[in-house]
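Observations on chain architecture
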Amino acid sequence: MRFDPRRNKTVSPRTRRLRVAGGALCAAALAATLVTGCGQEGGDKTASETSEAAKVLPNQTTSPSGSVSGSPSGTAQLTKDQSERKDLLSMVKVTFDKAATTAVGEVSGGKLTDLDLEGLDDEDDASGSPSPSGSPSPSGSASPSGSASASGSPSPSGSSAAPKWVAEVAEEDGTAHNVIIDAVSGAVIDSGPDADQSDADKQKLADQLSKATQTPQQAAKVATDKTPGWVTSIGLDENDSKVLVWQVDVVTKDWNKTTFDIDAAKGTITDEQIDDD
């Protein structure tokens, strides 16, 4: 995840590498559901599910608090950032919790330390913002499951335009692995060790993992209990006060974004910032 220049935080070199802009305009299902992007995943969950993933975003099926009256009816009412969030999230069918489970499954004994929906509010993304031009939603043809080359080779036909989740999963000793997941089909596009990680980065990450008693799923739940919406980013790092936190981005029904700092040991909110641009 990122501690962006807008937060005036020092960005760890391990968390900035796989940004590619994506995005397109889906049909019209977003205003009706907050969990499933285009609405396809909602029927998969039942009241009896007790897995951690199923508990991550319990409020996303309800209308988010703090939203404007009704869902915005047209892009003319939206700011540039709001429009880009709407365009990209309209394509997403794989929610944060499912992407997290897939990413962790790629690294034996690994723990999630960072997960971003790429192209969303990435001000430092050199390739630009998601295009709202309305390119067709991918067919969902999955790339081969399991690891691919760490070179970031594109997924099979049609998937290059799909939104992607970019994850960092760390082993107990702090060895980081990068995992890229198609946010439409759920297929693993790329997976491999972080070749740029220094020994100091590895030691720092191992120390942080040992201190983080709160899981990313628990941190996401704290954030969405306060502000229901889509979790679009989560990452483990220190805040300006050197407190270890999970930083969680939540996009609400009105396409605004709230960023929470959740104490990684206590599970309490230490900071909350709303980006309504």
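Residues numbered from 1 in each chain as written. Predicted model: local features only at pLDDT ≥ 70, side-chain atom pairs only at ≥ 80, totals over all residues. Heavy atoms only, no water.

Points about the pairing of strand β1 (residues 111-117)
Counting buried positions along β1 gives 6 out of 7 residues, so the element sits mostly inside the fold. Two strands pair when backbone bridges link them, and β1 and strand β5 (residues 230-238) are joined in this way by 3 bridges, in the antiparallel orientation. Note on β5: the bridge partner recorded for Asp 114 is Gly 235. (Buried < 20%, exposed > 50% of the residue type's maximum accessible area, 1.4 Å probe, protein only. Helix = DSSP H or I, 4+ residues; strand = E, 2+ residues; numbered from the N terminus. Pairing = 2+ DSSP bridges.)

What about the sheet that holds strand β7 (residues 257-263)?
The strand order across the open sheet built from 8 strands is β4-β3-β2-β1-β5-β6-β7-β8, with neighbouring strands paired in antiparallel fashion. Each of the sheet's edge strands pairs with one partner strand only, and the pair in question is β4 (188-193) and β8 (269-275). The average undirected angle you get between the axes of adjacent strands in this sheet is 20 degrees. Inspection of the sheet shows β1 paired to strand β2 (residues 164-170) by 6 bridges, in the antiparallel sense. (Axes fitted to C-alpha atoms, helices over the stretch in contact; angles between N-to-C directions.)

A word on the pattern of salt bridges
Oppositely charged side chains are able to pair whenever their charged atoms sit close together. The final tally for this structure, using the stated rule, is 5 salt bridges. Here Asp 275 makes a salt bridge to Arg 85, at a shortest N to O gap of 3.2 Å. Residue Asp 275 is located in strand β8, and its partner Arg 85 is located in helix α1 (residues 80-89); the two are separated by 190 residues in the primary sequence. Residue classification places Arg 85 among the buried positions, given a relative accessible area of 0%. For Asp 225, the salt bridge is made with Lys 221, and the minimal N-O distance between the two is 2.9 Å. A residue pair is termed a helical-turn pair when its members lie 3 or 4 positions apart in one helix, as Asp 225 and Lys 221 do in helix α4 (residues 216-226) at 4 residues. (Salt bridge = Lys/Arg side-chain N within 4 Å of Asp/Glu carboxyl O.)

Focus: the packing of aromatic side chains
In total, this model carries 1 aromatic pair according to the counting rule given. Taking 5.2 Å as the distance between ring centres and 10 degrees as the angle between the ring planes, the aromatic pair formed by Trp 230 and Trp 255 counts as stacked. Taken together, the residues Trp 230 in strand β5 and Trp 255 in the loop between β6 (244-251) and β7 connect sequence positions 25 residues apart. Judged by relative accessible area, Trp 230 falls into the buried class, the value being 5%. (Phe/Tyr/Trp six-rings, centres within 6.5 Å; stacked < 30°, edge-to-face > 60°.)

Looking at helix α3 (residues 199-211)
With 13 residues, α3 extends 19 Å between its outermost C-alpha atoms, agreeing within 8% with the 18 Å of an ideal straight helix rising 1.5 Å per residue. Buried within α3 are the following residues: Asp 201, Leu 205, Ala 206, Gln 208 and Leu 209. Angular distribution of buried residues about the axis of α3 spans 165 degrees; they occupy a single face of the element. Exposed and oriented more than 90 degrees from the buried face of α3 are Asp 199, Ala 200, Ser 210 and Lys 211. Buried residues in α3 make contact with β1, β2, β3 (176-182), β5 and β6. (Expected span 1.5 Å × (residues − 1). Arc of directions from axis to C-beta. Contact = heavy atoms within 4.5 Å.)

Considering the nonpolar core
Residues Leu 115, Leu 117, Trp 165, Ile 234, Trp 246 and Val 248 are the most contacted members of the largest nonpolar core, which totals 42 residues. Among the elements that take part in this core, β6 stands out by supplying 5 residues, more than any other. (Core = buried A, V, L, I, M, F, W, Y, C linked by side-chain atoms within 4.5 Å.)

Here's the deal with α1
Helical geometry note: an α-helix holds 3.6 residues per turn, so side chains three or four residues apart project in the same direction. Burial runs high along α1: 8 of the 10 residues are buried. Those residues of α1 that fall on the buried side of the exposure criterion are Gln 82, Ser 83, Glu 84, Arg 85, Lys 86, Asp 87, Leu 88 and Leu 89. In this structure, the buried residues of α1 make contact with β1, β5, β6, β7 and β8.

Focus on the confidence of the model for the protein chain
Looking at the protein chain, the pLDDT average stands at 72 and 58% of residues meet or exceed 70. Long-range and interchain partners of residues 1-75, a stretch whose pLDDT sits below 50, account for 192 contacts in this model, where long-range means more than four residues apart. Long-range and interchain partners of residues 124-159, a stretch whose pLDDT sits below 50, account for 66 contacts in this model, where long-range means more than four residues apart. (pLDDT = per-residue confidence, 0-100.)

Focus on the pairing of β4
Of all 6 residues making up β4, 5 are buried, and the element is well covered by its neighbours. Here 5 bridges tie β3 to β4, and the two strands are oriented antiparallel to one another. Residue pairing in the sheet places Ile 180 in a bridge with Asp 190 of β4. Hairpin connection, β3 to β4: the antiparallel pair is bridged by 5 residues, and Gly 186 has positive phi, about 85 degrees.

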